[in-house]
Amino acid sequence: MVLAVSGPRRVRDSEHVARNVGDLERLVSVVGGGALAVAALQRKGLGGVVLGLVGAELIRRGATGRCRLYEAMGISTTGTNYPRPAPRASHDFASPAATVDAREAVKVERTTAIRAPREKLCAFWRDFRNHPRFIRHLESVEIIDPRHSRWTMALPGGQQVQWTSEIINDVPNELIAWKTVGDSRVAHAGSVHFEDAPDGRGTQVRLVLDYEPPGGRTGHVLFKLLGISPEQMVDQDLRRLKALMEMGDIVTVASRISA
């Protein structure tokens with residue numbers, strides 16, 4: 001999948017963004033960042049570099065009261081309402097603007113074998129209203145028209161994030177590709193591929209996802225340090241899909257799948 005390196009900014013310039021980190025959280029960020037910076041000086045190699053970068057970002061976060069992750073997701077812990085992007089008009093769905101900045105994007109690719117026919121799997125995936133059944137934290141998908149859909153996902157603290165997705169390639173029983181459109185706070189592009197399994201008993205499902213983490217690559221590192229691995233989340237979602245398609249209602253098999 002080709003990613004563009006230009007396009008409209010999705011995050012307001014930091015000079016024009018109000019503080020979105022509460023006072024106590026700012027203090028914790030500075031202290032934690034300082035501790036990581038000290039630890040970085042005691043380590044060598046890539047691990048020390050990563051710790052140093054994370055520590056510096058936490059110190060900046062605490063000193064300025066502005067968090068790039070929060071800016072991208074429209075979150076504030078200051079107790080005041082954080083300004084959210086204005087909703088986009090329907091004619092913006094066809095915008096040719098770049099969805100993902102290749103300089104900030106992270107790629108995830110996973111494959112799983114599911115003992116079900118390609119036709120069944122592709123039809124199930126293509127009806128995006130099925131996705132909340134196997135994607136954790138995804139609350140709903142609203143079909144807007146044959147190419148566009150609106151997705152709603154739950155965030156910690158009872159908040160939500162929404163984005164609009166556009167299908168850019170659809171080959172029956174073989175391939176579905178999509179991208180987010182407009183100023184999405186969850187900018188990504190992806191494709192899912194369906195191929196007959198080598199043993200002739202099922203289908204190989206390959207998911208390729210290019211996404212722009214909130215806060216860029218720094219945000220990606222922070223997420224992984226916090227134990228929130230996008231790769232792990234994709235693995236778990238595919239496992240839920242496999243269980244659902246092979247064994248039926250996800251509720252009856254949830255106990256067999258790790259959260």
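Cut-offs used in this document
Residues numbered from 1 in each chain as written. Predicted model: local features only at pLDDT ≥ 70, side-chain atom pairs only at ≥ 80, totals over all residues. Heavy atoms only, no water. Helix = DSSP H or I, 4+ residues; strand = E, 2+ residues; numbered from the N terminus. Contact = heavy atoms within 4.5 Å. Areas by Shrake-Rupley, 256 points an atom, 1.4 Å probe, with all protein chains shown as cover. Buried < 20%, exposed > 50% of the residue type's maximum accessible area, 1.4 Å probe, protein only. Pairing = 2+ DSSP bridges. Core = buried A, V, L, I, M, F, W, Y, C linked by side-chain atoms within 4.5 Å. pLDDT = per-residue confidence, 0-100. Expected span 1.5 Å × (residues − 1). Arc of directions from axis to C-beta. Phe/Tyr/Trp six-rings, centres within 6.5 Å; stacked < 30°, edge-to-face > 60°.

### Observations regarding the overall build of the protein chain
- Looking only at helices and strands, the protein chain features seven helices and seven strands.
- Walking the protein chain from its N terminus toward its C terminus, one meets helices and strands in the order α-α-α-β-α-β-β-β-β-β-β-α-α-α.
- In the protein chain, the proportion of contacts linking residues at least 24 apart, taken out of those at least 6 apart, comes to 56%.
- Here the protein chain has roughly 14,100 Å² of accessible surface; of this, 56% comes from carbon and sulfur atoms.

### Details of the pairing of strand 5 (residues 175-180)
- Among the six residues in strand 5, six count as buried, and that is most of the element.
- By the alternation rule, side chains of strand 5 split into Leu175, Ala177 and Lys179 and Ile176, Trp178 and Thr180, which are all buried.
- Sheet topology places strand 4 (residues 160-171) next to strand 5; six bridges connect them, and they run antiparallel. Note that in strand 5 the partner of Val171 across the bridge is Leu175.
- Between strand 4 and strand 5, which pair antiparallel in sequence order, lie three residues; one of them, Asn173, sits at a positive phi of approximately 65 degrees.
- Here strand 5 runs beside strand 6 (residues 188-196); their pairing, made up of five bridges, is antiparallel. Counted as the bridge partner of Ala177 is Ser191 from strand 6.

### Let's talk about the nonpolar core
- The biggest cluster of nonpolar side chains holds 32 residues, and the ones touching the most others in it are Trp125, Ile176, Val192, Phe194 and Leu241.
- Among the elements of the structure, strand 1 (106-114), helix 4 (118-126), strand 2 (138-143), strand 4, strand 5, strand 6, strand 7 (203-211) and helix 6 (230-247) are those that each provide at least two residues to this core.
- Considering each element in turn, this core owes the most residues, five residues, to helix 6.
- Those residues in contact with Ile176, other than ones at most four positions away along the chain, are Cys122, Trp125, Arg126, Phe128, Asn169, Asp170, Gly190, Ser191, Val192 and Phe194.

### Looking at the confidence of the model for the protein chain
- With 67% of its residues at a pLDDT of at least 70, the protein chain reaches an overall mean of 75.
- Ranking the elements of the protein chain by mean pLDDT puts helix 7 (residues 250-253) last, at 44, and helix 4 first, at 96.
- Taken as a whole, residues 84-98 scores under 50 in pLDDT and shows 21 contacts with residues more than four places along the chain or in a different chain.
- For residues 250-256, every residue scores under 50 in pLDDT, and the model assigns this stretch nine contacts once sequence neighbours within four places are set aside.

### Some words on helix 1 (residues 23-41)
- Over its 19 residues, helix 1 extends 27 Å from the first C-alpha to the last, a length consistent with the 27 Å expected when each residue adds 1.5 Å.
- Burial in helix 1 covers these residues: Arg26, Ser29, Gly33 and Ala40. End-on view of helix 1: buried residues confined to an arc of 55 degrees, all on one side of the axis. In helix 1, the exposed positions that point more than 90 degrees away from the buried face belong to Leu24, Leu27, Val28 and Val31.

### What to know about the environment of Val205
- Relative to the helices and strands, Val205 resides in strand 7.
- If we skip the residues at most four places from it in the chain, Val205 touches Arg110, Thr111, Thr112, Ile114, Leu121, Val192, His193 and Phe194.

### Let's talk about the pairing of strand 2
- Looking at chain direction, strand 2 and strand 3 (residues 148-154) are connected through five bridges and run antiparallel. Looking at strand 3, one finds that Glu142 is bridged to Arg150.
- In sequence, strand 2 turns back onto strand 3 through a hairpin of four residues.

### Concerning the packing of aromatic side chains
- All chains considered together, the criterion is met by five aromatic pairs.
- Arranged with centres 5.7 Å apart and planes meeting at 45 degrees, the rings of Trp125 and Phe134 form a pair that is tilted. Grouping residues by exposure puts Trp125 and Phe134 together as buried.

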